[in-house]
Amino acid sequence: MKCSKCNDIAIVSQRYSCTHLCERHFVEDFEDKVKKTVEKGRMLQGGDRIAVALSGGKDSTALLNILKKILSDRKDITMFAVTIDEGIVGYREDTIKSARKITEELGVEHIIVSFREEFDFCLDEIVAGKREAPCTFCGVLRKSLLNRTAKVYGATKVATGHDLDDEAQSVLMNYMKGDIERLGRFAPRRIQPGLVPRIKPLKNIPERETALYCMVNGFYVKMAECPYASLSLRSDVRDMLNNLEMKFPGTKQSCMKGFDCLSGLLAKRYPPMELSSCGLCGEPCVGDLCKACQLLNRLKTA
Ligand code: SF4
């Protein structure tokens, strides 16, 4: 199969746009799309200090690399990487190793923080014997720790590696849970005190292209998936979306297009909530205690 833009052999077929691309044109296309997403969303401004959430997996590795490229001629914007060690034995050690390697290669400052040091528990201990999906605990604590760490190191924005697949999955999951208020709050909202704004430069890139981008750049080693991932609703929604995409190319993009149309209406229906400060950790929250402290209290009194 030939590249749609030159005579070279194509390495990827983008069925959603009926385009085949060789390595050079694939990298060009990937980087152009990310740059356009960043520009259109006005994600970067002079004076910004970006905390890049780096798990060491393919998405965050691709994100760090492309941001480093985009910022190479922006002396007015700095960045650093934050890795959170949740404490998942047999899984997280390898991704941390990869995160260390890529930050060294790119010369990016790297901060590693852990659930154990910050919360006194690692994720494996937290979820042992519990019926709730581990991702529920992990998501709440990780979000809180990422926000706190970003503030400690002076970040003005947090960049995450969420790609098109993650975004489409989240939209469908909220809908399937009937949580329309949460769905309404999923779109980027106004800046709220105490919450470092998040940006998602890869949000229009399909997951398999992110993996391919890492491979052609020589810094992707396929690693095992988190052992808890298969227990989540997300895992089933991911399989369902991938099957649909296979049969009906463009399903993931259509899902997000539909959400973009709805989000304006939902924003009016669910205006931003007034936030207070958590009585224990001081993080922004609704009510007296943030979700992370409520969860930690439950664990300490169990
Ligand atoms: Fe945490 Fe779930 Fe992701 Fe594993 S799959 S790292 S438990 S959110």
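Residues numbered from 1 in each chain as written. Predicted model: local features only at pLDDT ≥ 70, side-chain atom pairs only at ≥ 80, totals over all residues. Heavy atoms only, no water.

Quick rundown of the domain arrangement of the chain? Include the residues and the values.
Annotation of the chain at the domain level lists domain 1 (25-271) and domain 2 (274-302). On a C-alpha basis, the centres of domain 1 and domain 2 stand 23 Å from each other. Opposite the 17 residues of domain 1 that make contact, domain 2 presents 12 residues. Across the domain 1/domain 2 interface, buried area totals approximately 1,200 Å², and carbon plus sulfur atoms make up 69% of it. When residues of domain 1 are sorted by the area they lose upon contact with domain 2, Phe-121, Val-140 and Arg-148 head the list and together hold 31% of the total. Along the contact surface separating domain 1 from domain 2 lie 2 salt bridges. The salt bridge partner of Glu-132 is Arg-298, with a shortest N-O separation of 2.9 Å. On inspection of domain 1 and its partner domain 2, the count reaches 3 residue pairs in polar contact (both at pLDDT 80 or more). Looking at the side of domain 1 that touches domain 2 element by element, the count peaks at 7 residues for helix H6 (residues 134-152). Across the side of domain 1 that touches domain 2, the residue classes break down as 8 nonpolar, 4 polar and 5 charged. (Domains from an automatic or database assignment. Contact = heavy atoms within 4.5 Å. Buried area = accessible area lost by both parts, 1.4 Å probe. Salt bridge = Lys/Arg side-chain N within 4 Å of Asp/Glu carboxyl O. Polar contact = N/O pair within 3.5 Å; in protein donor to acceptor, adjacent residues only side chain to side chain. Helix = DSSP H or I, 4+ residues; strand = E, 2+ residues; numbered from the N terminus. Nonpolar A, V, L, I, M, F, W, Y, C, P; charged D, E, K, R; others polar.)

Describe helix H7 (residues 164-176), listing the residues and the values that go with them.
With 13 residues, H7 extends 18 Å from end C-alpha to end C-alpha; this agrees with the ideal 18 Å at 1.5 Å per step. Judged by how many residues are buried, H7 sits mostly within the fold: 10 of 13 residues are covered. Here H7 has its buried residues at Leu-164, Asp-165, Asp-166, Glu-167, Ala-168, Gln-169, Ser-170, Val-171, Met-173 and Asn-174. Looking at the buried side of H7, the elements it contacts are helix H2 (58-70), helix H8 (180-184), helix H9 (207-216), helix H10 (233-247) and helix H11 (251-269). Near the N-terminus of H7, the side chain that reaches the backbone nitrogen of Asp-165, with its oxygen 3.1 Å away, is that of Asp-163. Positive phi shows up at Gly-178, right after H7, with a value of about 75°. (Expected span 1.5 Å × (residues − 1). Buried < 20%, exposed > 50% of the residue type's maximum accessible area, 1.4 Å probe, protein only.)

Can you lay out the sheet that holds strand S4 (residues 78-85) for me, pointing to particular residues and giving the numbers?
A sheet is described by the order of its strands in space; here 5 strands give the open sequence S5-S4-S3-S6-S7, paired in parallel fashion. Each having just a single partner strand, strand S5 (110-114) and strand S7 (198-199) make up the two edges of the open sheet. Alignment of strand S6 (residues 157-159) against S7, held across 2 bridges, turns out to be parallel. Bridging from a neighbouring strand, Ala-159 pairs with Ile-199 of S7. Running at roughly 155° to strand S3 (residues 49-53), H2 makes contact with S3, S4 and S6 of the sheet. Seen against the sheet, H6 touches S3, S4, S5, S6 and S7 and runs at an angle of roughly 145° to S4. (Pairing = 2+ DSSP bridges. Axes fitted to C-alpha atoms, helices over the stretch in contact; angles between N-to-C directions.)

Which residues make up the pairing of S4, and what values go with them?
Judged by how many residues are buried, S4 sits mostly within the fold: 6 of 8 residues are covered. In the classification by handedness, the crossover that spans S3, the intervening H2 and the parallel S4 is right-handed. Where S4 meets S5, 5 bridges bridge the pair, whose relative direction is parallel. Note on S5: the bridge partner recorded for Val-82 is Ile-111. Once you follow S4 into helix H3 (residues 92-106) and on to S5, the crossover reads as right-handed. (Right-handed = clockwise from strand over helix to strand, strands pointing away.)

Kindly report on the pattern of salt bridges, identifying the contributing residues and their values.
By the definition in use, this model includes 17 salt bridges. With its nearest N and O atoms 2.7 Å apart, the salt bridge here joins Lys-69 to Glu-31. Of this pair, Lys-69 sits in helix H2 while Glu-31 sits in helix H1 (residues 23-40); the two residues are 38 residues apart in sequence, bridging distant segments of the chain. Classification of Glu-31 as buried rests on a relative accessible area of 11%. Put simply, Asp-48 and Lys-157 hold a salt bridge, and the shortest N to O gap is 2.6 Å. In this pair, Asp-48 sits in the loop between H1 and S3 while Lys-157 sits in strand S6, placing the two residues 109 residues apart along the sequence. Take Asp-48 and Lys-157: they sit in the same class, and that class is buried.

Run through the side chain of Glu-86, naming residues and quoting values.
Locating Glu-86 in the fold gives a position in the loop between S4 and H3. For Glu-86, a relative accessible area of 1% corresponds to the buried category. Among the polar contacts listed, one links the side chain of Glu-86 to the side chain of Arg-92, at a separation of 2.6 Å. Among the polar contacts listed, one links the side chain of Glu-86 to the side chain of Arg-142, at a separation of 3.2 Å.

I'd love a proper account of the packing of H2 against H3, names of residues and values included.
Contact geometry of H2 with H3 gives a least axis separation of 11 Å together with a crossing angle of 10°. Here H2 is positioned roughly parallel relative to H3, judged by the angle of their axes. When H2 is examined against H3, the residues Thr-61, Leu-64, Asn-65 and Lys-68 are found in contact with a partner set consisting of Ile-102, Thr-103 and Leu-106. Of the residues that constitute the contact of H2 with H3, the class distribution is 3 nonpolar, 3 polar and 1 charged. (Parallel < 35°, antiparallel > 145°, perpendicular 65-115°, else oblique.)

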